Structures are given as structure tokens and as C-alpha cells.
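# Inside the fold
Listed here are the chains, written in short residue letters.
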Amino acid sequence: MTDGIEFAEPADEPRTHVTLRLVAQDPTVSGDDGRILTARVKVPWSRMEDGPRGARLHVVDYDTATGRYIKHAPLGKEDLYADAADDVLRTDPTFHAQHVYATAARTLALFETALGRRLPWGFRSHQLFLVPHAFAEANAYYSFEDRALLFGYVPPPDPGGDTIYTCLSHDVVVHETTHAVLDGLRSRFLEPSLPDQAAFHEGFADIVALLSVFSMRTVIEQALGKPDRSGRIPRSRVRPEALQKSMLARVAEQIGSVLTQGRGALRESALRPPPSDWAKQTAFLEPHRRGEVLVAIAFDLLIGIWVKRLDALFSGPNANAEGARGITVDRARAAEEGAKAATQLLTMLVRGLDYLPPVEFDFGDLLNAVLLADNEVVPDDDLGYRTLLHDRFTRAGIQRSTARVTDVLKSELPPHYLGINFAGLRSDRDEVFRFLWQNARRLDVDTEYYTVIESVLPTQRIGPDGLIVPESIATYVQMAEMTAREFTEQSGLELSRVIDPRTPVQLFGGGTLIFDQFGRLKLHIHKPLDDWRRQQRRLDHLAATGHLDAKQRLGFSSGAARGQTFAELHRTEQSSGEEW
Amino acid sequence: MSAPIRVRVRMYQVGFGDCFLVSIEYDGALEDGRTERHILIDFGTSRPPRDGMAGGRMADVAALIEKHTGGVLDVLVVTHRHRDHLRGFEVDAAAEIMRRLAPRLVVRSWTEDPELSATADGPGLAASPADPPNGLSRASVRYAALLAQTQARAAKLTGLVGLDDEVRAAAEDQLENAEAVALLDELSRDRRGRYVHAGMESGIEDVVPGVRATVLGPPTVDQDPRVAKQREEDSEYWLTALDASLRVIGSAADAGADAAAPASHGPGPVHWLIDRLANQRSHSVARLVRDLDDALNNTSIILLLEVEGLSMLFPGDAQIENWRHTLERLPDEPQLRRRLAAIDLYKVGHHGSRNATPRSLHVLWKGRTADLPRLTAMVSTRQGVHGMDDGAVPKPQLIAALREVGDLYSTDELGDEEWIELEADAARGPFRLVPLVRPGP
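Residues numbered from 1 in each chain as written. Chains lettered and ligands numbered in written order. Predicted model: local features only at pLDDT ≥ 70, side-chain atom pairs only at ≥ 80, totals over all residues.

## Things to note about unusual backbone geometry
Residue and element names in this part refer to chain B. Let me state the cut-off plainly: Only runs of H or I of at least four residues qualify as helices and only runs of E of at least two qualify as strands under DSSP, and these elements are numbered from the N terminus.
Put simply, Gly217 and Pro218 share a cis peptide bond, and its omega is 5 degrees. Along the polypeptide, Pro218 turns up in the loop between strand 7 (211-217) and helix 9 (226-229). In the segment running from Gly429 into Pro430, the intervening peptide bond is cis, with an omega of 0 degrees. Mapped onto the secondary structure, Pro430 falls in strand 14 (residues 428-433). Notably, Asp190 is not glycine yet its phi reads approximately 55 degrees, a positive angle. Its location among the elements puts Asp190 in the loop between helix 7 (178-187) and strand 6 (193-196). Positive phi, normally seen in glycine, also occurs at His351, with a value near 60 degrees. The topology assignment puts His351 in the loop between strand 10 (345-347) and helix 14 (359-366).

Structure follows, in C-alpha cells:
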């Protein structure tokens, strides 16, 4: 080392990723060797401090029940637990800290990779706290105010027994991390709304948890059952019905078993197709139950894509298909295709998030968004994934979105760009507002209502020719306040009789604007504020489910004071539909 | 044979709590020469009617009951063991009156049977159990034992340092009320006690002629395994987990973890977070306490009393989980559905909380035909004691919805009156308000 510049970091420190061992599902699930089923996964790495604490995540091992605080050492490039015994994994708080850090980091990375940019948290800090032993309670949730994911643990009935840690359940950690990521992407999805929107947070978190579990090959291998001596399994085990059954029985049923009252995690029932009249059942007004409709679709899609991918493994898949006895397939290869299918589906779904409206979400929006996004990336759809997607959503009875999607490039009245700064459209909220203002009529946005640009984010994706395409995504929100009587006058629609005409109500509308690499508006996904029928449904629903706030107002933004939203959400399920 | 001619229901002002006296008057003398029978349903309070009011009011209420029953109580029903339903039995002067009233029948939930503890083989309990009474299974017995043990743990939380006042008050509501229970056990001696579950004979018919008493809840663990499981996971898990959680938090209280000087966490974000997490501890305790609260509420007796052409529904604090057992019968039992739809009087469940009056019941009442007498609802409650916003008790939406389908009387609207009295002809409703005649000077 010469005088002058001194490098703080040793040159051999890992720079982008480390490989760490994770509990693949939860400690009750064991592999062929009878030990806890684990997987080695690549985890994004940044400079580390005590905690462990990296650029985006900060583990604080503080137990509110006992007051215990442990400061763990930073993660190094070597995995200290690569060969650790099961008991160590189960009980060592340092491993728990590493586990929760690695799982959350992997989840965040998955979103960032799919969307092609860094994702902000929903609060004004760059680091999300992870508290692996937050309280002695079978519960885990995202706390916006504390900028934290809190994971509880369940002490044993007898003081000498085994504690159950929610931070060791892969699906629980992924589910909660997804809540935090979604909140950063679409903060308005927690506003009082029609039931689909509340269900989306839960449903999507469950989907990511499910697909994340399936993206680990070891899990699928176990679920496919024991192979013969050469590592092969009969073809009958990878037929669609067989896969559906074995994955349900051996993977899904294990998922979420650690949380009882708190439903921070997936339930096996989520994967069974919902009854055909689910939309009419009051039980499906409850967010978790309703979210499970989306999860069932995702599971169905996963099997569909996996089966398509498996076809290639059989030479002449149609040759003598019925009499295919004795045909076998390599278990590791079959599992790998499953893991790839899970990753692919997850990427596809996450990519759609940018194309969602910022407010007033309904299930149809997800289908719309995923189809739009996928169309940009894979215009041909030669594998038929989009057809599959469309088919499964329709089969589940998901209504068409109430959003108006305009392909602006093809519209008869294209927007004006006079006086608009191209670079500003990629980064500046005021510039985007100016654009919206200038083109309000052409975009059919009524600026009589309060209008605000909420986010402007540059994004990058790989185009069909393999080159990087820079785009930018802006969202705007509109709000209006009036009394129930004024609503009726304005809209000509009657509200439910339980709403007092003097009740103050707040209405939301808004849209997502997608600008292409030339700064031209390409897509406009619009939830008009003056879609009075939607507003009527929303207000009636909120009144019927008892969502008047403390000031006896209906539908008002809960702002930053979202309180224990998630802690509560994870508990409400039992009395579904019967409450006031 | 004398027949009922009139039914009178008195709702006493106990603040936040329940105390109802159902009196049935007959057209002639019964075998003991009296012309009336009295059923007291609950006798508790957790908050006085107004702040600063003396806690000793239950003795006054007991004196009123003695007067209104003429000194003889036929049936005592204690829906469940929360103090807003039995606190009065702990007040010495009131207890004395209750002993004098000497109810001939004391009806409590199956979970309250003192014989259960002798038959329990649950964790930490005596071995070599005898056969459980009333045909209960071991699972039911264990559930009841665990519930009692958990309640004892919750009591400890009241001593936790640095706990939010509201959470502490909620924990105090779970206290065991040992004295009250002891008195009830005493009153239940000599085979006067009955411990009922859904579908069981209550014994009320034998004591009060002309009455049909149907026990709709609580279900035992055998009748509805979801009681113990709460969810699909292995049985007892959630209550065991709850109990263990309370043990850990409680022992931290013993160790005085909070009394120790707080460790320094430096000036960084860790400090910020740990400060904030104190709130999360309160939230966590609040959730645990509420789970226990729910579980105890769900041991409530749901009693349907039918006298000639009148019917009255007293569901205690039963929440949806308890009600579910009955609600699920409705599609296949049109008869039961009709009976519930046609009730004349509804004691509003759980002081008007959001999850104790199932919406499906309200739907039944909304669909009542015009030839039925108007429904009357009675709610004993006090605003601003429990919950805010969504969790407010009583819940404004529910109150509004009840007013939509019938007349509602609430203790919250009382001035200094000591009770609200309704009466109806036994042949047919509706119930009418009996104006209170103030004693002359």
C-alpha cells in the first residue's frame, strides 16, 4: 500500500452476491436425508455493518416481550451455517438474523430484476428494519410506521420445549417483504376501497410467497417423491393432475402452518379453485379469502407452464401417449423445469405491477397489466403464456377491469408536447403535471378535481430485439370531497339508505402514464374519478362493511396513519362477512 | 294448570355490563302458591354508568332484584365468566342478597363445571382422570382447563410495567373473578347447577312452567372442533400458543425487565426503532388479551326463551364463532330459521360490539313479514369504554341497523333511572315500555 488512497474494503470481499443456505420451507419440512430441507441461494450483497445491516435492509434483533437485544455480526462472504446441524438452524438467533436478511434480500432483488430498477420503500428511509424475534406471538406483519417487518415466535407449551419461529418460515418472510415492496409501489392500495384492492395486497403477497417456495428446486424435488436408483421418476408423476395433487399435498399444505391466528401466510385452501359463485359470497369480501382467488389462479398457471416446459423433456411427447408406461424422467430435471416455471411466472406477474392503476384496483386490472407488460417484452407469445393467463382468469370468473386503457400512440388526438422537456418526463413530477395539464382534455382527465402526480420513475426493460429500452412510468391521483347528497346530485345515482345524506365522502381516481424511450406517452391506464357507477359501488360497499371513520366520514384517505392495518388484516378472517 | 299471561323484562343500569330479569306472570297460582317466576340473566359490571360513580352500585341493583322478585329467584343464568357479567357476585352486600334469593337452578356454560377440573388430564393437571360429566370428551375438558389456565396468566399482565392504560384495562377485564365464581359454585351445590352446551336441556322448563328454553350455544369442542382449533390446524394449538405467549410476557414482568436500566443502543436507527417497538409490545399484548377475551365470550350461553306466543333471544357475549354453530344449521332447518326470524325481543349481543350480532340474523329480521309484531332490542352498554373507530362498542352501524328493524332501548340513554322495564302479553308481542313511576316524595 502506497501513501495516498487507502481502500477501506479488502479487495477480495464479495461484491454483488453471496451464496447462503436458507430453510427452504420451514423447519418442519425435511428432505431425503431426514434433515431440515434447505436450499443454497444467491443473495444480493452490499457493504455490511452490524445487525446485519446492508444498503436496503437492517436486522434489529430486539424482543419486545423480554427486552433482549442482540447485535449480530455482519454477513461475511463465507456462510457460517453452510453445514450447520438442524438444531443450530432451529435455535441460533444469529442464523435467524441471517435467514431473515437473506430471504428478504432475495425477494427485493426479484422485484427489482423484474421491473428493471431500484424500488423505493413506502416510507422515507432506504432501509427496511427486519425484526426476527419481535414478540412472543404467532403473528408477523409489515409495520409502516416502524418501517419494519416484525416476526413473532411461539413459545412452547412447556418451558423446555421447542419454540416456533416465524422468521424461519420462507413463505412468511417473503409474504411480509412483498407487503413492504407493494406499499412502496402502490401506496394508495391501502386506502378504503372496493374489496378487490384490499384483497390484492394479501393475494399478491401469497402468490410471491408460493412461487418463491417453488423457485427452489430442492422443494419440488421432495414433492415429486423418491426417485429410482438412477434418479428418475415415472412420467405419471408429472402429468398435470398428478402435479397438481402432489404439489398441493406436499408443498402447499406445509406452507403457512406456523401462523394460526395471524394469517401472514398462505393457506393450503388458497390453492383450490374458488367456488364458481365466489364473487357473490359474503365470505369472499374478507381480504384474505378474496385474495386466495388470485392465488388459486397463480397455482393453476404454474402447473400449466410447468407442464408446457416438461413436454420438451420427452422425446415425441405424442407418440403412444396412452401406453407410456415405463417412461421415466430425471427428477432433478423435472424439478428444475418447475423452478424455472415458477421464476418465469413470478417475473411475468411482477412486471405487470408497473401497469397497474395507482388507485381503485380491481382484479381485472392485474390481468390487463400483466398482458400489457408481457406484450411489450415478448410480443410473439409463442409459448402461449398469455392465452393461458387470459384463460385462467376468465375461468375464475374475473370481470374485465373498469380501467380505461388507451394506446395513446394510436389515438386520433395525440397529446401535445410543446414546451415539455423530454428529460423532465423521466424524473420530474412538475414536468409530468405540466404535460397532464396541457393535455387534460385529450387524455379525458377532468382537472376540476384535485390532481397530483404521485411518482415518476425511470425503468428499463429488455426489448424483443435484446436491447435495453428505457421508459418511464408516472402515476397521478385525483381526489374529490363532497357529501353523500352532493354525490347523488352530481351523479344522478342513489346511494344505499344506510348512508346519511350529510355524510362527507371522499372519492378517488387516477391513472398510470407510460412514456416510451422518446418521451412520448405510450399508454394511459385510467380510472376516471367520474366513473360514478364505480364510486357508487365503492361507497355502498364501504358503508355496508362499516368503514365510517371516527369523524363519521366515508371513504377518506387514511393517509399515513395506517396504524395497525396489517396486524389487523392478518386477524380478521374468522368472522368473515358477519361483522359490522 | 296456570298459564303465563304476561312477560316482563327489566334491564338494570349497571354501566358496562349485563343484568336482565325476565319475569313471567301467570293467570293463577302455581304449585307453590306464587303467580310468577323469575329468571335472572347475568349480574355484572366492569365500568360504572358514569365516571366517578361508586363501585358499590351492584348492591343497590341486588336490592332492586330482591324487590322485583319478591325475594324468590327461580333461575339464575350466568352466560359466561367475564366480570361484566358476574362482578356483582363479588360485592359482599350483593352476594348476601343472592344467597337469600337462593335460585333453584343455576345455569352456566359447560366450561364452568367444577367437576371438569377433576377430570382434566391436560398440561400440568392431575393425572388419572375420571370420566368427564355430561358426555363431554377429553378434548372439551382440556379446552376448558386450558382456558382457565390462560385466564390466570392474563391476570399477571396487569402488573406489567410500561403497559398502555387501555391494554392494562383490557387485561383486567380477563381477571378470574375467583370470589364470584366461588359464590356461584356455592349456589350451584345440591345439584342445583346445570352446565349447558348447544342442544342440551337447561332444566329451566321444570322450574318455570310454560316456558320453552332452547340452548343454541356454546358448542363443545366435540360439537364444533373449530372452537378449539380456531382454524384447521391441530387442535388446541392456538390456545396453547396463546397460553405460552402470556407465560413468556408474564415472566418478563416478574423479572422486572422494564425496571432495569435500558441498555444504550447508540444514537443510530436502532435506538429509534427500539423506542418505537415499545408500542408494538402493547399492541402484541392487546392482541393476545383480545384473543382470550374472544375465547371467553364464545363460551357464552345463547338462550332462546319462548313463552306462549312470545320469544326472546339472550346471547350473552357470544361472537360469530359461537353463533356459527347455529347459523350453519339454518339452511337445513327452516323451523329454527323461522323461530329466530320471529323473535320479539333481542338482547343485543356483547354490548353492541361489531362481531356479536351476525349479519345473517339481521337479514332474517329485515325480511320479517308485516303480520309479525315489531321487534324490540335491548342493549346494555356504555359508549367510549371499549374500542374506537372500527372496533367501537357499541358499533354505530349495528345500532343504526337495529333501529331499522325494530325499537331499541339502551342503558346509554338512561338518566338517573335505575332500570328499563318492558312488558308484553304472553299471547303475542310486541314488548312495550313500562313508564317508570317515580316514588312520591
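## Remarks on the environment of Val379 of chain B
All names here are of chain B. Short version of the rule: What counts as a contact here is a pair of residues whose C-beta atoms, placed from the backbone, lie within 7 Å.
Counting through the fold element by element, Val379 comes out in strand 11 (residues 375-379). The spacing of Val379 and Gly352 is 27 residues in sequence and 6.7 Å in space, taken between C-alpha atoms. Every residue in contact with Val379, bar those within four places of it in the chain, is listed here: Val348, His351, Gly352, Pro394, Leu408 and Ser410.

## Comments concerning the confidence of the model for chain B
Residue and element names in this part refer to chain B. Threshold: The pLDDT value expresses, per residue, how confident the predictor is, ranging between 0 and 100.
In this model, chain B carries a mean pLDDT of 87, and residues with pLDDT of at least 70 account for 89%. Counting contacts from residues 122-128, a segment whose pLDDT is below 50, to residues more than four positions away or on other chains yields 8 contacts. Counting interchain partners and residues more than four positions distant, the pLDDT-below-50 stretch residues 231-235 has 8 contacts. In the predicted assembly, ipTM is 0.86 and pTM is 0.86.

## Details of the sheet that holds strand 12 (residues 404-407) of chain A
Residues and elements named next belong to chain A. This is how the line gets drawn: Should DSSP find at least two bridges between two strands, the strands are regarded as paired. Whenever a helix is involved, its axis is fitted only over the stretch in contact; in every case the axis is a line through C-alpha atoms, and angles between N-to-C directions fall within 0 to 180 degrees.
Pairing within the open sheet is antiparallel, and its 5 strands lie in the order 12-16-15-14-13. Each end of this open sheet is capped by a strand with a single partner; those strands are strand 12 and strand 13 (450-462). Within this sheet the neighbouring strands show an average axis-to-axis angle of 15 degrees, counted without direction. In the sheet, strand 12 pairs with strand 16 (residues 521-527) via 4 bridges, with the strands oriented antiparallel. Directly across from Arg404, in strand 16, lies its bridge partner His526. Packed on one face of the sheet, helix 11 (residues 429-438) meets strand 13 and strand 14 (468-483) and runs near 110 degrees to strand 13.

## Examining the domain arrangement of chain A
The accessible area lost on association of the parts is a frequent measure of interface size. Residues and elements named next belong to chain A. The criterion, for reference: Each domain span listed reflects an automatic or database assignment of domains. Under the convention adopted here, Pro, Cys and the residues Ala, Val, Leu, Ile, Met, Phe, Trp and Tyr are nonpolar, Asp, Glu, Lys and Arg are charged, and Gly plus all remaining residues are polar.
Looking at the assigned domains, one finds that chain A contains domain 1 (17-185), domain 2 (195-395) and domain 3 (404-575). Inter-centroid distance (C-alpha atoms) of domain 1 to domain 2 is 24 Å. Each partner contributes residues to the interface: domain 1 has 30 residues there, and domain 2 has 29 residues. Listed by contribution, the elements that provide at least two residues to the side of domain 1 that touches domain 2 are helix 2 (93-115), strand 7 (140-143) and helix 3 (170-185). The biggest single contributor to the side of domain 1 that touches domain 2 is helix 3, with 10 residues. Looking at side-chain class alone, the side of domain 1 that touches domain 2 contains 16 nonpolar, 11 polar and 3 charged residues.

## Notes on the sheet that holds strand 7 of chain B
Note: strands within a sheet are paired through backbone hydrogen bonds, in either parallel or antiparallel orientation. Residue and element names in this part refer to chain B. Spatial ordering of the open sheet is given by 7-8-9-10-11-12, a layout of 6 strands whose pairing is mixed. In this open sheet, the two strands that pair with only one neighbour each are strand 7 and strand 12 (406-410). Adjacent strand axes in the sheet meet at a mean angle of 15 degrees, parallel and antiparallel pairs treated alike. Of the pairings in the sheet, the one linking strand 10 to strand 11 comprises 3 bridges and is parallel in character. Of the residues in strand 11, the one forming a bridge with Leu345 is Thr376.

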